[in-house]
Amino acid sequence: MPIVLYHFPLSPPCRTALCTAKALGLDVNIKIVNLFAKEQFSEDYVKMNPEHTIPALDDNGLIIWHSHAIATYLVSKYGKDDSLYPKDPAKRVVVDQRLYFDATTLFPRLAATAAPLMFLGKTDVEPDKKAAIYEALGTLEKYLEPTGWVAGDQVTVADIACAVTTASMQAVGVVLDPYPKIREWLQQCNSNIPHFEEENMEGLKETAEAMKSKVTHNIYAP
Ligand SMILES: N[C@@H](CCC(=O)N[C@@H](CS)C(=O)NCC(=O)O)C(=O)O
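To start, this report covers the structure provided alongside it. Here the structure is a predicted model, which means the values were calculated and not measured.

Notes on unusual backbone geometry
And then number 1: Looking along the chain, the bond that leaves Ile54 and enters Pro55 is cis, with omega of 5 degrees.
And then number 2: In this structure, Pro55 sits in the loop between helix H2 (43-48) and strand E3 (56-59).
And then number 3: Backbone geometry places His52, a non-glycine residue, at a positive phi of 45 degrees.
And then number 4: Overall, the relative accessible area of 34% leaves His52 in the partly exposed class.
And then number 5: In this structure, His66 is a non-glycine residue whose phi angle is positive, near 80 degrees.
And then number 6: Note that His66 resides in the loop between strand E4 (62-65) and helix H3 (67-78).

So this is what it looks like as structure tokens:
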């Protein structure tokens, strides 16, 4: 039985889960949860995930939510090796740290501005919230300095999570010109992570189109 992923392409965490599954070569049965139709609040979905967030994964009855937990679970269970999520504690803790960076800083700073635009009819971004996004990107640029990857000397699930979020920032209009390492790294992710670019693309296009339909100029320009 293929794994089931409750998914909506516009959602960066959903694409982190999907891109990880596809990088591992897994078959995925996608079930769309349309956030515009508030389907995450349906009785059945909330029974499965009381936090009513997407993504959620159903692996033969084992239900998991939170994209970073899903990504590390998938590598631990299905990875042919541990390269995307190393078993060595000293390497793993750096990957975990950078996953937490995405989970607690990078993605929430995007979501704090983009969710009100997409779902609540807002048409602007507060300057302090915009500055917080660029500040987080400055941190990410530093993380990339030693090796060009987010955590250690090879590509890991931390790259997948941070790259999905960063590409989504770019899709809403965040300007990456001041971050040469980030720009180079996004290209490396596209060419080195199997299926990453194609699986991420649909959501990025939908994100950019949704933004265009809501605002007439780039409200994320620094
Ligand atoms: N930490 C969570 C964040 C998930 C999240 O915030 N998902 C959003 C979509 S991008 C969502 O489900 N929003 C609907 C809701 O909270 O009701 C993860 O990584 O999966």
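After that view of the structure, there is still more to cover.
Notes on the site of the ligand
And then number 1: The ligand sits among 13 residues. The nearest are Gln40, His52, Ile54, His66 and Ser67.
And then number 2: Separating an oxygen atom of the ligand from a side-chain N or O atom of Gln40 is a distance of 3.1 Å.
And then number 3: The contact in question runs from an oxygen atom of the ligand to an N or O atom on the side chain of His52, over 2.8 Å.
And then number 4: Within the complex, 78% of the 510 Å² of free accessible area of the ligand lies under protein.
And then number 5: A majority-of-atoms criterion places the ligand in the largest pocket.
And then number 6: Tallied by class, residues from the shell around the ligand come to six nonpolar, seven polar and no charged.

Section: helix H6 (residues 157-172)
And then number 1: In this model H6 runs 23 Å from its N-terminal to its C-terminal C-alpha over 16 residues, within 8% of the 22 Å that 1.5 Å per residue would give.
And then number 2: Burial analysis of H6 places 15 of its 16 residues in the buried class, which makes it a mostly covered element.
And then number 3: Gly173 lies just past H6 and shows a positive phi near 125 degrees.

Some words on the packing of aromatic side chains
And then number 1: For the coordinates displayed, the defined rule picks out four aromatic pairs.
And then number 2: Measuring from ring centre to ring centre gives 5.8 Å for Phe8 and Phe36, while their planes differ by 75 degrees; the resulting arrangement is edge-to-face. Here Phe36 lies in the loop between strand E2 (28-32) and H2 and Phe8 lies in the loop between strand E1 (3-7) and helix H1 (12-23), a separation of 28 residues in the sequence.
And then number 3: Counting every residue linked through ring pairs, the aromatic cluster contains Phe8, Phe36 and Phe119.
And then number 4: Between Arg98 and the ring centre of Tyr143, over which it is positioned, the NZ or CZ distance is 3.8 Å.

A word on the layout of surface pockets
And then number 1: In this structure, the largest pocket occupies an estimated 900 Å³ of space.
And then number 2: Ser11, Pro13, Ile54, Phe107 and Ala111 are the residues nearest the centre of the largest pocket, which is lined by 34 residues in total.
And then number 3: Going through the elements one at a time, H1, H3, helix H4 (89-119) and H6 are the ones with two or more residues in the lining of the largest pocket.
And then number 4: Top contributing element to the lining of the largest pocket by residue count: H4, with ten residues.
And then number 5: Partitioned by chemical class, the residues of the lining of the largest pocket number 19 nonpolar, eleven polar and four charged.
And then number 6: The residues that make up the lining of the largest pocket include at least three from each of domain 1 (3-78) and domain 2 (89-214).
And then number 7: Computed from the structure, the second largest pocket encloses a volume of approximately 260 Å³.
And then number 8: Lining the second largest pocket are 14 residues; nearest its centre among them are Ala167, Gln170, Leu186, Asn190 and Leu204.

Reading the values: rules and limits
- Residues numbered from 1 in each chain as written.
- Predicted model: local features only at pLDDT ≥ 70, side-chain atom pairs only at ≥ 80, totals over all residues.
- Heavy atoms only, no water.
- Helix = DSSP H or I, 4+ residues; strand = E, 2+ residues; numbered from the N terminus.
- Buried < 20%, exposed > 50% of the residue type's maximum accessible area, 1.4 Å probe, protein only.
- Near = heavy atom within 4 Å.
- Polar contact = N/O pair within 3.5 Å; in protein donor to acceptor, adjacent residues only side chain to side chain.
- Areas by Shrake-Rupley, 256 points an atom, 1.4 Å probe, with all protein chains shown as cover.
- 1 Å grid on protein atoms, 1.4 Å probe; cavity = no way out; pocket = protein on both sides within 12 Å on 5 of 7 lines; lining within 4 Å.
- Sits in = over half its atoms within 2 Å of the grid points.
- Nonpolar A, V, L, I, M, F, W, Y, C, P; charged D, E, K, R; others polar.
- Expected span 1.5 Å × (residues − 1).
- Phe/Tyr/Trp six-rings, centres within 6.5 Å; stacked < 30°, edge-to-face > 60°.
- Lys NZ or Arg CZ within 6 Å of the ring centre and 35° of its normal.
- Points joined across faces, edges and corners; volume = space filled by probe spheres on them.
- Domains from an automatic or database assignment.

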